[in-house]
Amino acid sequence: MKPMTLLMLCCVTLAGLASPAMAEEKHVRFGDYEVHYNVFPSTFLMPEVAAANNLNRSRGIGIVNIAIMERGEDGSLSTVPGQVEGQALNDIRQAKFLAFRRIQEGDAVYFIAEYQYTEGELMTFQVTARPSGHDRDLPIRFSQALFND
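Below: a short report on this structure. Residue numbers restart at each chain and count upward from 1, following the sequence in its written direction. Local features in this predicted model are restricted to residues whose pLDDT is 70 or higher, and side-chain atom pairs enter the listing and the counts only when it is 80 or higher, whereas totals over whole chains, interfaces and linings include all residues. As a convention, hydrogens and water are excluded, and side-chain values are obtained from all of the structure's heavy atoms.

**What about the environment of Leu 89?**
Heads up, the rule is: Secondary structure elements follow DSSP: runs of H or I no shorter than four residues count as helices, runs of E no shorter than two count as strands, and numbering proceeds from the N terminus. When checking whether two residues touch, look at their non-hydrogen atoms; a contact exists if any pair is within 4.5 Å.
Mapped onto the elements of the fold, Leu 89 is located in strand β5 (residues 82-89). Separated by 36 residues in the primary sequence, Leu 89 and Phe 125 have C-alpha atoms spaced 6.4 Å apart. Not counting residues within four places of it along the chain, the set of residues in contact with Leu 89 comprises Gln 94, Ala 95, Leu 122, Met 123, Thr 124 and Gln 126.

Okay, here's the thing in structure tokens:
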């Protein structure tokens, strides 16, 4: 299995298996588009997957995973390319820029960013996604606290 496939599989698996406070996948709908997101500690990644994708694996580093999805006429969802940018704010409103990287494996496209956190610290994420060829931003805002495994 390719490293990118492993990363995508890990993110999807985490969304389904981890506790809700850790990596539950959520989404916000904007007409035919949805922005899916989840956040998890980088230590959830297998060491070889983190290394293959140039991700830091540390107890103080979290991963933000974003996917822009479009609903087809048949109701199915598929990822679409685009741009994602955002920031993470701590409890005293200090902002940390999120440097999202685009990951593509076959038809799947998603965006990941690393950020530093203190265990139990509630972070507020302000993210803007824009599908390619779309002139409207899709803003989402969510909060998440991470706890080390």
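**Digging into the pairing of strand β8 (residues 108-116)**
Under the convention used in this document: When accessible area is computed with a 1.4 Å probe and restricted to protein chains, residues below 20% of their type maximum are described as buried, those above 50% as exposed, and intermediate ones as partly exposed. Only when DSSP finds a minimum of two bridges between them are two strands counted as paired.
For β8, the tally of buried residues reaches 7 of 9 residues, placing the bulk of the element in the interior. Bridge analysis of strand β3 (residues 61-71) against β8 gives 6 bridges, and the strand direction is antiparallel. In the sheet register, Ile 66 faces β8, and the bridge partner there is Phe 111. Of the strand pairs in this sheet, strand β7 (residues 101-105) and β8 are connected by 5 bridges, and their pairing is antiparallel. From the neighbouring strand, Arg 102 faces β8, where its bridge partner is Phe 111. What sits between β7 and β8 in their antiparallel hairpin is a turn of 2 residues, with Gly 106 showing a positive phi close to 65°.

**Some words on the sheet that holds strand β10 (residues 138-145)**
Note: strands within a sheet are paired through backbone hydrogen bonds, in either parallel or antiparallel orientation. Note the following rule: In this analysis an axis means a line fitted to C-alpha atoms, helices contributing only their contacting stretch, and an angle means the value between N-to-C directions, from 0 to 180 degrees.
The antiparallel open sheet is built from 4 strands, whose spatial order is β6-β5-β9-β10. Of all the strands in the sheet, the pair left with one neighbour each is β6 (95-98) and β10. On average, adjacent strands in this sheet sit at an angle of 20° to one another, irrespective of strand direction.

**Focus on unusual backbone geometry**
A positive phi is found at Asn 54, a non-glycine position, where the angle reads about 55°. Among the structural elements, Asn 54 can be located in the loop between α3 (47-52) and β3. By relative accessible area, which is 62% here, Asn 54 ends up exposed. A positive phi is found at Arg 93, a non-glycine position, where the angle reads about 65°.

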